Amino acid sequence: MANKIAKIPVIDISGEGDQEQIARDLVEAAIEHGFIYIKNTGKDIPAEAVDGAFNLGRTIFKAPLSEKQACTIQKNNRGWSAMQYETLDPSTQRVGDFKEAFNFGEFIHGKADQPIPATIAPYESQINDFGELCYKLCLKINTLLGIGLQVSPPDFFTNAHLREKGASGTILRFLRYPPHTETDADREADVRAGAHSDYGSMTLLFRLKGQAGLEILSQDGKTWAPVPVVPPGTENDPSPPILLNIGDLLSYWTNGLLRSTVHRVVFPGPGKTSVEGETDSEPRYSIAFFCHPVATTPLEPVPSERVRIHKGDAQAKQENPYAEKKVLTADEHLQMRLKASYLQLYKDKE
Ligand SMILES: O=C(O)CCC(=O)C(=O)O
Ligand SMILES: [Fe+2]
């Protein structure tokens, strides 16, 4: 039986409306769900930029294998991750994630600071521009979270993300999940992306209409709910909402007040998705922007009364052990998580 679809609020942050109210709504959604649909009216990220980025994603993965291999992912988390190279849930997965991915780190003066396939070299500035739009949207969200949590000063989170203050683990990631074919040996065991929570402060996720697969885990850790690409009320928007989720770092930084929700990408199978109009029979593409604070940021107590008085929720910690308080800087927090997911990379090179 297919599960009920996830009930995630849709919030419009693109207008001139009451910013305090929008900020409060955003914070409540981040506390309650950890996932929020950011209505895409085309003002922050134009629909053409999203479409262009998806075309780029297709081009990257079509590049010759030798070009992609020359850019194999490194410990700096940049580059190409081949099919089944990453294992997001090593505790339960026998085989790696049924996906390939390409990670771009921060660009410097509009140029990639890593090897990129020759096939996509002509599009370097387009990749940079899309990353810029995502970065600016994350700054805006950081400011709203600061306002909503009554952090003093309200730009506390925003300041920690300013690129001019130093490098960060921020990544623009293109993903391709091929469909299953009759000959795939391990169809039952295959998961497209194992259960995990994201590492950074927040993630922006772009998906395509009609493509099923993303699910979130309920707070009691018992049921998975599919997350529709186009939730009710957004059917006529220029582009599907951008799915925002809180990552472990921000959850950790706020004593677990903001929720870092566990999610995965599956093959629902024919007729098994409860999201009307979505299937897993075609290759699935998605784009994730993983936003991180400047690497040297000390994750000190957030100057907010709401955060201070929040008592860590034992249930949330059990569900997501990485949300526990134990790490000091943004970079140390990230390194811990990467090591757990790229088993081969760290085994081969240690
Ligand atoms: O492709 C998706 O829909 C989600 C991907 C994801 O959760 C991730 O890369 O962290
Ligand atoms: Fe994720």
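Please refer to the structure higher up on the page.
This one's a predicted model, so the numbers in the text were calculated from it and none came from an experiment. (Residues numbered from 1 in each chain as written. Chains lettered and ligands numbered in written order. Predicted model: local features only at pLDDT ≥ 70, side-chain atom pairs only at ≥ 80, totals over all residues.)

Caption draft 1: Layout of the pairing of strand 8 (residues 214-217). Looking at chain direction, strand 8 and strand 11 (residues 263-265) are connected through three bridges and run antiparallel. Counterpart to E215 in the pairing with strand 11 is R264. In textbook terms, the turn of a hairpin is the stretch between consecutive antiparallel strands, and for strand 8 and strand 9 (residues 224-226) this stretch comprises six residues, one of which, G221, has a positive phi near 75°. (Pairing = 2+ DSSP bridges. Helix = DSSP H or I, 4+ residues; strand = E, 2+ residues; numbered from the N terminus.)

Caption draft 2: Geometry of the site of ligand 1. Close contacts around ligand 1 come from L175, A193, D198, L205, R207, L214, H263, V265, S286 and A288, and that covers them all. Those elements that provide at least two residues to the shell around ligand 1 are strand 7 (202-207), strand 11 and strand 12 (284-291). (Near = placed C-beta within 6 Å.)

Caption draft 3: Highlighting the sheet that holds strand 8. In space, the four strands of this open sheet follow the order 6-11-8-9, with antiparallel pairing throughout. Two strands bound the open sheet, and with one partner strand each, they are strand 6 (193-196) and strand 9. Taking the axes of each pair of neighbouring strands and ignoring which way they run, one obtains an average angle of 20° across the sheet. (Axes fitted to C-alpha atoms, helices over the stretch in contact; angles between N-to-C directions.)

Caption draft 4: Representation of helix 4 (residues 124-148) within the structure. Taking 1.5 Å per residue, 25 residues should reach 36 Å; helix 4 reaches 36 Å between its end C-alpha atoms and fits that length. Among the residues trailing helix 4, Q150 stands out with phi positive, at a value near 50°. (Expected span 1.5 Å × (residues − 1).)

Caption draft 5: Region of the structure containing the sheet that holds strand 10 (residues 242-246). Across the sheet, which stays open at both edges, the eight strands sit in the order 1-2-10-7-12-5-4-3 with mixed pairing between neighbours. Each edge of the open sheet is held by one strand with a lone partner, namely strand 1 (10-11) and strand 3 (79-81). Both strand 4 (residues 100-104) and strand 5 (residues 171-177) contribute to a ladder of five bridges, which runs antiparallel. The residue bridging F102 from the neighbouring strand is F174, located in strand 5. Along the sheet face, helix 4 touches strand 4, strand 5, strand 7, strand 10 and strand 12 and points at about 130° away from the line of strand 7. (Contact = placed C-beta atoms within 7 Å.)

Caption draft 6: Broad picture of the environment of F54. Relative to the helices and strands, F54 is located in helix 2 (residues 47-62). Of the residues examined, F54 has 16 C-beta atoms within 10 Å and is grouped as partly exposed. Setting aside chain neighbours within four positions, we find F54 in contact with L208, Y285 and I287. (Buried ≥ 20, exposed ≤ 12 C-beta atoms within 10 Å, placed from the backbone.)

Remember that the coordinates give geometry; whether it matters functionally is a separate question.
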